[in-house]
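Structural features, examined
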Amino acid sequence: MKMASCACAPLSVTGMIQRSFKISKFLLPQSTCSSGYLRLSHSRNYSQSVVNPVENGNGDVNFAVTPTATILNGKTYPVDEYTNVNPKILSYTCRKLHLQKYNPLCHVKRRIIDFIYKEFPSRTRSPLFSVFDDLDPAVSVEQNFDSILIPKDHPSRKKSDNYYLNNNHLLRAHTSSHQAELIRSGLNNFLVVGDVYRRDEIDKTHFPAFHQVEAVRLCGLHDVFRDENIARELKLFETGKCVRTPEKQETHTVDAVMMMTSALKTTLIKLVQHLFGKDVETRWVETFFPFTHPSWELEVNYNGEWLEVLGCGIMEQSILQNAGAGDKIGWAFGLGLERLAMKLYQIPDIRLFWSVDSGVVHQFKVDDPYAPIIYKPVSQYPPCKNDISFWLPENSTFSSADFYDLVRSIGGELVEQVSLVDEFYHKKKQRWSHCYRIIYRDMSKTLTQEEANVIHAAVEQAAAKNLRVDIR
């Protein structure tokens, strides 16, 4: 169980980052947009209080941070007590790896879209599904949680799990944030592909920004029961007082759910065969999601290991009713692109998707997304391991997620892993102590211990100042 989030000044980490720029060039590695390299600029008539206005290759500002507001994609979000996003995280919002033609995430995305287009042609033979892959990652709390029925007290809403712009807006935690708005616009079949953000542990398989694909299909009576005679006999919804069972929601008929479930599972089995090969072994696992019932996860046996590749289910009917599509029944599924790409290409570290090193990028510079590529390590550069020990604040809550986020904001992609290696309670001092091990490693060259020490010193200073810990 995660502890409650520590209430920190929203721009205090930013101030440390600015001071750290003077200490070491390694603290905020240059990142790239799909349109070219980003530039850090203070010259576009912003006041001197602006921190890191970042432009894309066309000279347009993607984001800027001031003491009172965050500016992202032309919209202003006033800072309040909920603000916990930092410039490093904001810099990822304009990378759009899934739109970069030769990024492995884009290759996998193209495979999935290609499958969906072929599986669901319209009567005119054009694609039935609409694809949205460049929606704004900043969404409202209502979009991210309320619209998909996530309860007010659900732990996924915590500051320790999300990057909040303020108490009303955050960087989306899942592509499901766009379901309701797209359904409300009249769409019945669509894919959403995009970057999502979560505060999480730090290791080779976790990164604060990653990418998801969300698919939604809504069906009317004649879409579910395609035989005209059968459609006259059966119906989608129950009448009168009905109860929810493990097999179906209150409003749905057994017949409708059986047909939708069969269509959903058949589609997804074909999808994983499309990705992993016809002979891939699969299994279904029943699970729970607030926005679907019944719900399942699909696992594949890949190289002798069972891998969860997606979650899916029959959409909660109240989501459709609230979005103006209550006369239809729907299914949805979501998957993570990094998880699939790491397995398909044998990529050992999630940070490699963000690499601009030519030795990494060149391996995926192919026009055919189906090209059989196995990632070859550019070089095995040695890691630098540094420990940090501190007393937790007295009479205050402390969240490891806040510390992980602080470390990532200071060290960027040079941070390979952060792990809690020791904790104890000192009876005389009546205080808890934590010891974290931070592994620094540069993906493109050897990082010296001296360089790692500079970053580590900045982490210590930032932890003491912003998390109110006492370094031991």
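Now for a look at the structure at hand. Everything quoted here is computed from the prediction, not taken from an experiment. (Residues numbered from 1 in each chain as written. Predicted model: local features only at pLDDT ≥ 70, side-chain atom pairs only at ≥ 80, totals over all residues. Heavy atoms only, no water.)

To continue, consider the overall build of the protein. Along the backbone of the protein there are 13 helices and 21 strands. Of all intrachain contacts in the protein linking residues separated by at least 6 positions in sequence, the fraction that spans at least 24 positions is 64%. With the model as given, the accessible surface of the protein reaches about 21200 Å², and the carbon-plus-sulfur share is 50%. (Helix = DSSP H or I, 4+ residues; strand = E, 2+ residues; numbered from the N terminus. Contact = heavy atoms within 4.5 Å. Areas by Shrake-Rupley, 256 points an atom, 1.4 Å probe, with all protein chains shown as cover.)

Along the chain, the position of threonine 175 falls in the loop between β11 (169–171) and α5 (179–184). Here threonine 175 falls in the buried class, since its relative accessible area comes to 0%. For the pair formed by threonine 175 and leucine 191, sequence separation is 16 residues and the distance between their alpha carbons is 9.4 Å. With sequence-adjacent residues up to four places away left out, threonine 175 is seen in contact with Val192, Val193, Gly194, Val196, Gln212, Val213 and Glu214. (Buried < 20%, exposed > 50% of the residue type's maximum accessible area, 1.4 Å probe, protein only.)

Time to look at the packing of aromatic side chains. Tallied over the full model, the rule gives 17 aromatic pairs. Residues phenylalanine 289 and phenylalanine 291 carry aromatic rings whose centres are separated by 5.7 Å and whose planes lie at 5° to one another, so their mutual orientation is stacked. The residues phenylalanine 289 and phenylalanine 291 share a single accessibility class, namely buried. Taken together through their ring pairs, the aromatic side chains of Phe390, Phe398, Phe403, Tyr404 and Tyr436 make up a single cluster. Cation over ring: lysine 159 sits above tyrosine 82, and NZ or CZ is 5.4 Å from the ring centre. Here lysine 265 stacks its cationic end above the ring of tryptophan 284, 5.1 Å away from the centre of that ring. (Phe/Tyr/Trp six-rings, centres within 6.5 Å; stacked < 30°, edge-to-face > 60°. Lys NZ or Arg CZ within 6 Å of the ring centre and 35° of its normal.)

Packed helices, taken two at a time, are described by the angle their axes make and the gap between the axes. Between helix α3 (residues 104–119) and helix α8 (residues 254–276), whose axes approach to 10 Å, the crossing angle comes to 135°. Considering their axes alone, α3 and α8 lie oblique with respect to each other. Regarding α3 and α8, the two cross each other, and that crossing is right-handed. Residues Arg111, Ile112, Asp114, Phe115 and Glu119 of α3 form the contact with α8, whose participating residues are Thr267, Lys270, Leu271, His274 and Leu275. In the contact of α3 with α8, the residues fall into four nonpolar, two polar and four charged. (Axes fitted to C-alpha atoms, helices over the stretch in contact; angles between N-to-C directions. Parallel < 35°, antiparallel > 145°, perpendicular 65-115°, else oblique. Left-handed = near helix turned anticlockwise from the far one by under 90°. Nonpolar A, V, L, I, M, F, W, Y, C, P; charged D, E, K, R; others polar.)

Next up on the list: the sheet that holds strand β19 (residues 415–426). With antiparallel pairing, four strands are arranged side by side in an open sheet as β19-β20-β18-β21. Among the strands making up the open sheet, the edge pair consists of β19 and β21 (470–471). When β19 meets strand β20 (residues 431–440), the two strands line up antiparallel, connected through ten bridges. Following the sheet pairing, aspartate 422 is matched in β20 by cysteine 435. Strands in contact with helix α12 (residues 400–411) are β18 (384–391), β19 and β20; relative to β19, the strand with the most contacts, it is inclined by about 145°. Running over the sheet, helix α13 (residues 449–466) touches β18, β20 and β21 and is turned about 20° from β18. (Pairing = 2+ DSSP bridges.)

Regular strands place their side chains on alternate faces of the sheet. Bridge count between strand β6 (residues 69–72) and strand β7 (residues 75–78): four bridges; the pairing is antiparallel. Its bridge partner lying in β7, leucine 72 is registered against lysine 75. As consecutive antiparallel partners, β6 and β7 are separated by two residues, and within that stretch asparagine 73 has a phi angle of approximately 50°, a positive value.

Our next topic: unusual backbone geometry. In the segment running from histidine 293 into proline 294, the intervening peptide bond is cis, with an omega of -5°. Within the secondary structure, proline 294 is located in strand β15 (residues 292–302). Even without being a glycine, leucine 149 presents a positive backbone phi close to 70°. Tracing the sequence through the fold places leucine 149 in the loop between α4 (141–144) and β10 (164–166). On the basis of relative accessible area, leucine 149 is assigned to the partly exposed category, the value being 28%.

This part covers the nonpolar core. Residues Ile112, Phe276, Val309, Phe333, Leu335 and Phe353 are the most contacted members of the largest nonpolar core, which totals 70 residues. When residues of this core are assigned to their parent elements, the largest contribution, eight residues, is made by α8. Non-local contacts of phenylalanine 333, meaning those with residues more than four positions away in its chain, are made with Ile116, Val213, Glu214, Ala215, Leu268, Leu271, Gly311 and Cys312. Judged by nonpolar contacts, the second largest core, of 26 residues, contains Cys384, Val415, Ala458 and Val469. (Core = buried A, V, L, I, M, F, W, Y, C linked by side-chain atoms within 4.5 Å.)

With 23 residues, α8 extends 32 Å from end C-alpha to end C-alpha; this agrees with the ideal 33 Å at 1.5 Å per step. Every buried residue of α8 is listed here: Ala256, Val257, Met260, Thr261, Leu264, Thr267, Leu268, Leu271, Val272, Leu275 and Phe276. (Expected span 1.5 Å × (residues − 1).)

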